[in-house]
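Letter by letter, the chains look like this.
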Amino acid sequence: MRQGSLLGGTLLIVLGIVFLVANVLGVDAWLIIGPTLLVAVGLLILWGTFARPRPARVDELHIPNEGADSARLVVHHGAGVLRLGPGAAPGQLVTGTCIGGVDTRTRREGQTLVAELEVPTDSWLRFGPPWFWRRGFEWTLRLPPTMPVHLQIHTGAGEADLDLTDVRVTELKLSTGASSTKLRLPANAGLTHARIQAGAASVRVYIPQGVAARIRSTSGLADVRIDRSRFPRTGDVYQSADFDSAINRVELTIQVGVGSVEIH
């Protein structure tokens, strides 16, 4: 259906350009409309042939924790769908399934294991038309429930569902472009520092009941909605009444350009 709409829309644009140029030059548009249509249809057929998606690469991901005390995980996802949550098996830092493929790098920094995930640089999906991105780069990642994790996530156009409720994320940095993001913050991680930077995005943040928060928000043209019954506003800060004494709490900073932000 999408490809049919694309073809039809492209043909209409080509016809409109032909008529416009013909009117400017003062010639009969119908003398050139036939050859132009043939060229346009031929180009579209070629595009459909070469752009037809090949079977996507699928990587099963298993990165052991190597006995480290803590971890830093950096995810460069790009366009597509990213799902992240708990469920890694004992002894694993991250497991999952990556449709479209994934490249990984790991290194040790003392007792901290650093792991980086990114879209393969040679993947044909990086250069395919936009309607293949969602199908191609679809990652589902699982993290351990007990290891302290410093998490950095960079996403582009697409969707992200990040469920950190049962993950010990002590620091989170999320950078996203034209996307839709749903984020559930940790419930039992002690103090979590979280920073979200978004462009033209829709971001929904859920803070578990029993977790206190201090929220700072700066936005351009974004619509920002914060649950003031839980997080009353004092000056430029939204803060839980029990923030200073709470065992589990979140320091959250949000910067959004155009879009919407909801914090519950």
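The rules we used
Residues numbered from 1 in each chain as written. Predicted model: local features only at pLDDT ≥ 70, side-chain atom pairs only at ≥ 80, totals over all residues. Heavy atoms only, no water. pLDDT = per-residue confidence, 0-100. Contact = heavy atoms within 4.5 Å. Phe/Tyr/Trp six-rings, centres within 6.5 Å; stacked < 30°, edge-to-face > 60°. Lys NZ or Arg CZ within 6 Å of the ring centre and 35° of its normal. Salt bridge = Lys/Arg side-chain N within 4 Å of Asp/Glu carboxyl O. Helix = DSSP H or I, 4+ residues; strand = E, 2+ residues; numbered from the N terminus. Buried < 20%, exposed > 50% of the residue type's maximum accessible area, 1.4 Å probe, protein only. Core = buried A, V, L, I, M, F, W, Y, C linked by side-chain atoms within 4.5 Å. Polar contact = N/O pair within 3.5 Å; in protein donor to acceptor, adjacent residues only side chain to side chain. Pairing = 2+ DSSP bridges.

**Focus on the confidence of the model for the chain**
For step 1, the next point in the chain: On average, the chain scores 83 in pLDDT, and the residues at 70 or more come to 73%.
For step 2, the next point in the chain: Confidence over residues 1-5 falls short of pLDDT 50; this stretch has three contacts with residues more than four positions distant or in other chains.

**Describing the packing of aromatic side chains**
For step 1, the next point in the chain: Taken as a whole, this structure holds zero aromatic pairs when the rule is applied.
For step 2, the next point in the chain: When the ring centre of Tyr206 is taken as reference, the NZ or CZ atom of Arg184 above it lies at 5.9 Å.
For step 3, the next point in the chain: The side chain of Arg249 reaches across the aromatic face of Phe243, ending 5.2 Å from its centre.

**What to know about the pattern of salt bridges**
Two side chains bearing opposite charge may form a pair once their charged atoms approach each other closely.
For step 1, the next point in the chain: Inspection of the entire model under this criterion finds 14 salt bridges.
For step 2, the next point in the chain: A salt bridge links Asp103 to Arg57; the nearest nitrogen and oxygen atoms lie 3.7 Å apart. Taken together, the residues span a long stretch of sequence, with Asp103 in strand S4 (residues 103-109) and Arg57 in the loop between helix H2 (30-50) and strand S1 (58-64) at a distance of 46 residues.
For step 3, the next point in the chain: The partly exposed category is assigned to Arg57, whose relative accessible area is 37%.
For step 4, the next point in the chain: Among the charged side chains, a network of salt bridges with common partners joins Arg72, Arg105, Arg107, Glu109, Glu116 and Glu118.

**Some details on the side chain of His150**
For step 1, the next point in the chain: Residue position: His150 is located in strand S7 (residues 149-163).
For step 2, the next point in the chain: Those residues within four positions of His150 in sequence are excluded, and the remaining contacts are Ala71, Arg72, Leu73, Thr170, Glu171 and Lys173.

**Regarding the nonpolar core**
Here is a general trend for soluble globular proteins: nonpolar side chains tend to be buried in one another's company.
For step 1, the next point in the chain: Counting 53 residues, the largest nonpolar core has Leu141 and Ile263 as the members making the most contacts within it.
For step 2, the next point in the chain: Beyond its immediate chain neighbours, meaning those up to four positions away, Leu141 contacts Leu61, Val75, Leu82, Arg83, Leu84, Gly85, Val94, Thr95, Gly96, Cys98 and Leu117.

**A closer look at the environment of Phe137**
For step 1, the next point in the chain: Among the secondary structure elements, Phe137 is positioned in the loop between helix H3 (133-136) and strand S6 (138-143).
For step 2, the next point in the chain: Given the relative accessible area of 4%, Phe137 is considered buried.
For step 3, the next point in the chain: Residues Phe137 and Gly100, spaced 37 residues apart in sequence, show a C-alpha to C-alpha distance of 4.7 Å.

**What about the side chain of Thr192?**
For step 1, the next point in the chain: Note that Thr192 resides in strand S10 (residues 191-206).
For step 2, the next point in the chain: A polar contact of 2.8 Å, which involves the side chain of Thr192, links it to the backbone oxygen of Val169.
For step 3, the next point in the chain: In this structure, Thr192 is in contact with Val169, Thr170, Pro186, Arg249, Val250 and Glu251, ignoring residues within four places of it in sequence.

**Some thoughts on the pairing of S7**
For step 1, the next point in the chain: Across twelve bridges, the pairing between strand S2 (residues 70-86) and S7 is parallel. Residue Arg72 lies in a different strand from S7, and its bridge partner there is His150.
For step 2, the next point in the chain: Pairing between S7 and strand S8 (residues 169-176): seven bridges, direction parallel. Considered in S8, the bridge of Thr155 is made with Thr176.
For step 3, the next point in the chain: As judged from the six bridges shared by S7 and strand S9 (residues 179-184), these two strands associate in the parallel manner. Residue pairing across strands places Asp163 opposite Arg184, the latter belonging to S9.

**Focus on the pairing of S10**
For step 1, the next point in the chain: Across six bridges, the pairing between S8 and S10 is parallel. Along S10, the bridge assignment pairs Lys173 with Arg195.
For step 2, the next point in the chain: Two elements, S9 and S10, share five bridges in a ladder whose sense is parallel. Directly across from Lys182, in S10, lies its bridge partner Arg204.
For step 3, the next point in the chain: Bridge count between S10 and strand S15 (residues 249-263): 14 bridges; the pairing is parallel. Counterpart to His193 in the pairing with S15 is Glu251.

**Here we look at unusual backbone geometry**
For step 1, the next point in the chain: If you check the backbone angles, Glu66 has positive phi at about 55° while not being a glycine.
For step 2, the next point in the chain: Tracing the chain through its elements places Glu66 in the loop between S1 and S2.
For step 3, the next point in the chain: Glu66 sits in the partly exposed class, given a relative accessible area of 44%.

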